[in-house]
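Commentary on secondary and tertiary structure
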Amino acid sequence: MASTIHVTLPDGSIREFPAGITVLAVAEQVGQRLAHETVAGKVNGRLVDLRTPLEDDVELRIVTTRDPEGGEVIRHSAEHVMADAVKRLWPGTPIDAGRQDHSEKFQYDFRFARPFQPEDLERIEDEMRRIVKEDLPFERTEVSRRDAAKIMSERGEAIKLIRLEDIPEGDTISLYRHGEFVDLCRGPHVQRTSQIGAVKLLEASGAYFKGDERNEMLQRIYGTAFASKKELDAYFARLEEIRRRDHRRLGKELDLFSFHPEAPASPFFHPRGAIVYNALIEHMRERYLHYGYQEVITPQIFDVELWKRSGHYDNYRENMFFADAFDDVQERSSSIKPMNCPSHCLLYSGAAHSYRDLPLRLADFGRLHRYERSGVVTGLTRVRSFAQDDAHIFCTPEQIGSEIRSLFDFIFETYDLFAFAEIEIYLSTRPEKAMGEVAVWEHAESVLAASLEERGVAFTVNAGDGAFYGPKIDFVVHDALGREWQLATIQLDFMLPERFELTYIDSENAERRPVMIHRAIFGSLERFYGVMLEHFAGDLPPWLAPEQVRVLPITDAVTDYAESVCSLMKERRLRAEVDHRNEKLGYKIREGEAMKVPYLLVVGEREAQEGTVSLRLRHRRDEGAQPLGTVVDRISNAVRTRSREL
RNA sequence: GCCAACGUAGCUCAGCUGGUAGAGCAGCUGAUUCGUAAUCAGCAGGUCCCCGGUUCGAGUCCGGGCGUUGGCUCCA
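Just so it is clear, the structure is predicted and the values come from calculations on it, not from any experiment.

As a further point, take the domain arrangement of chain A. A common way to report how large an interface is uses the accessible area buried once the components associate. Each assigned domain of chain A is listed here: domain 1 (4-64), domain 2 (69-239), domain 3 (288-300 + 337-534) and domain 4 (549-640). Here domain 2 and domain 4 have C-alpha centroids that lie 58 Å from each other.

Every one of the 52 residues lining RNA strand B counts as a neighbour, but M339, F468, N582, R590 and E607 are closest to it. In the interface set of RNA strand B, defined as its atoms within 4 Å of the protein, sugar plus phosphate atoms amount to 48%. Y222 has a polar side-chain atom sitting 2.6 Å from a sugar or linking oxygen of RNA strand B. Within the side chain of R373, a nitrogen or oxygen atom sits 3.4 Å from a base oxygen of RNA strand B. For the surface near RNA strand B, the secondary-structure elements that each account for two or more residues are β13 (198-208), β14 (217-226), α8 (247-253), α18 (585-594), α19 (605-610) and β33 (612-617). Element by element, the count of residues in the surface near RNA strand B is highest for α18, at 6 residues. Each residue belonging to the surface near RNA strand B can be placed in one class, and the counts come to 18 nonpolar, 16 polar and 18 charged.

The next subject is the pattern of salt bridges. What the rule picks out here adds up to 40 salt bridges. A salt bridge links K200 to E125; the shortest N-O distance between them is 3.7 Å. Pair noted here: K200 is in strand β13 and E125 is in helix α4 (residues 118-134), with a separation of 75 residues, a long-range link. Across the pair R285 and E295 runs a salt bridge whose closest N-O atoms are separated by 2.6 Å. With R285 in helix α9 (residues 271-291) and E295 in strand β17 (residues 294-295), this pair connects stretches of sequence that are 10 residues apart. The exposure class of E295 is partly exposed, given its relative accessible area of 34%. Salt bridges linked by common partners bring D84, R88, E127, R130 and E134 together as one network.

Let's shift gears to the nonpolar core. The biggest cluster of nonpolar side chains holds 87 residues, and the ones touching the most others in it are Y415, F418, F475 and M569. Take this core: its biggest share by element is 9 residues, from helix α13 (residues 400-417). Each of domain 3 (288-300 + 337-534) and domain 4 (549-640) accounts for three or more of the residues forming this core. What Y415 contacts, discounting residues up to four positions off in sequence, is F420, I423, F475, V477, L487, A488, I521 and F528. Ranked by size, the runner-up nonpolar core spans 34 residues in total, among them V63, I95, V132 and I221.

Sheet strands pair by backbone hydrogen bonding; their relative direction is either parallel or antiparallel. The sheet built from 3 strands is open, its strands ordered β10-β11-β12 with antiparallel pairing. Single-partner strands in this sheet number two, and they are β10 (139-143) and β12 (181-184). Along the sheet, successive strands turn relative to each other by an average axial angle of 25°, direction set aside. Sheet topology places strand β11 (residues 173-178) next to β12; 4 bridges connect them, and they run antiparallel. Residue Y176 lies in a different strand from β12, and its bridge partner there is D183.

Thresholds, definitions, all that
Residues numbered from 1 in each chain as written. Chains lettered and ligands numbered in written order. Predicted model: local features only at pLDDT ≥ 70, side-chain atom pairs only at ≥ 80, totals over all residues. Heavy atoms only, no water. Domains from an automatic or database assignment. Near = heavy atom within 4 Å. Polar contact = N/O pair within 3.5 Å; in protein donor to acceptor, adjacent residues only side chain to side chain. Helix = DSSP H or I, 4+ residues; strand = E, 2+ residues; numbered from the N terminus. Nonpolar A, V, L, I, M, F, W, Y, C, P; charged D, E, K, R; others polar. Salt bridge = Lys/Arg side-chain N within 4 Å of Asp/Glu carboxyl O. Buried < 20%, exposed > 50% of the residue type's maximum accessible area, 1.4 Å probe, protein only. Core = buried A, V, L, I, M, F, W, Y, C linked by side-chain atoms within 4.5 Å. Contact = heavy atoms within 4.5 Å. Pairing = 2+ DSSP bridges. Axes fitted to C-alpha atoms, helices over the stretch in contact; angles between N-to-C directions.

Here it is, written out as structure tokens:
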């Protein structure tokens, strides 16, 4: 081991230190102020505790309370402080473990006789502030497994002992201590509790131990923490923005859809909402012409035998609705479809197929019903009644590659249209319980991976996460607020062609089994609708806006002119209305803005005489009077090109 | 399904420790004819989610159910 090491700092400077120096000591030599604010180090890209000794030459970045990673360290430390506060208030409460999620929240689970109440959270929060004020130093110690077990059992931490057993043999076991509180923890942690500038507890809920519903339910508390009050306020401002964009709220305000207890988790689309829904479908229909799909319409209710044959009855029954007529209630004989694939298999098997017919791409906007447990449904993003832009491609094994390539074009083109910029791609491979031969799987997986590589897009492999019938590629988009949504999916299926004995005749006149590709680009139309609404914050591009143009007459002396303007818009196939109400212009503008109509056309005596309209674009000021012809051309052009600009 | 909170007019919400309901917006009627984000006045509107219990009396307390929300779990 070298007696001195070289540390490369972010500015490129290299400094020499004695081996074994800690991150904190380096920070101290760089500057006192830095040392005061530092909470961790990033050594060769890995976040480490600042008490970590450096033994070799490294690249080091000092992480301070102001860095994003600093926030993580602060929240992680706040977890410990929260657990400490709970134990101070209710001595002897066994603790489980804390964790952070991606949304700047931390959580900690406790074995507690009753659920935590809002008043408890206030008390805990006060206690946390006290601990922060005490400015207790965090200490790290590395211990043997035996010592860790001894310390935890002395402290009555029954759950921690189980957690200890889960730590793999050979891993370093570290304890973090501040004041009286000790936790089994990997770190890193801040230097002192006072570096946690602002904390707020958010909510309590039950949570199963290790996330398994067969285990005992622990009591979980969520909170957040930042280096300063200002950052905490910014966090709540972000939450407020999320609330403002919530598609459930927008759906109500814009009169798009509603829910009714008589059909839980099943959206009712209002006239305005249905226009948007249908515009999405129409867009897909147009693209289907380009990509060579044929649309089909299939039934809603099927003999249950179909689902036994497809395997859904055995594997998916708890998510299915059954629909029995009065004369056959003894047996569950009919079921409402949760998926379209079996219908499409029936269609395929209804005729002989030549390799020349393939690929056969069958699209279906059929309504699907899935029973989702009551606790999991939310708004449009998880519903019991929905449709997909669903299609099944029947092709030869050799055609898989070209089909996948074409699908990539389709998917990226679609996400461009909606300005979903950041897309994550996951390739899920053969699970343990898989159907079919390993060689077929491996071939399919390599085709999928090769297509992704050829496309030059980054993807993550989720080993063993494929469906039992075939590997799949999932597309996760980020909306305008950075939240993740799984929308598109491409799934290869070797099982259904087998179960339905689907065949085609190849060029050698031999009977062969086709491959089936399940794919959806929007995914569920309902979910896409919700995500899209939030992404645009309700400001739909003109081609999707339920009401594209609203004509605002200033007085009823210009009613006729307003009507003629509106008729012209309608002749040009634009969705236009006139606001005839006996209100002042300011009121009508306010309403038009609130309903997020992209184009407001103000008409008064002047416009009526000159044959113009005063154009007002959504969220902008008056653009002034312009010839009617110019304005209608502009609007229909924006609609036709599916522009996001007005 | 599990844990918690919530459910009052079409919407947003008020209603203290039990004494049978209130505001703003929206709606309707009338007046006003108005130039770029709310004109004025009047009227009407509620099985306080449902069922049961405690009580002289329940929107309010208790139990059960339904729904919604946030989590957990699930997501072929």
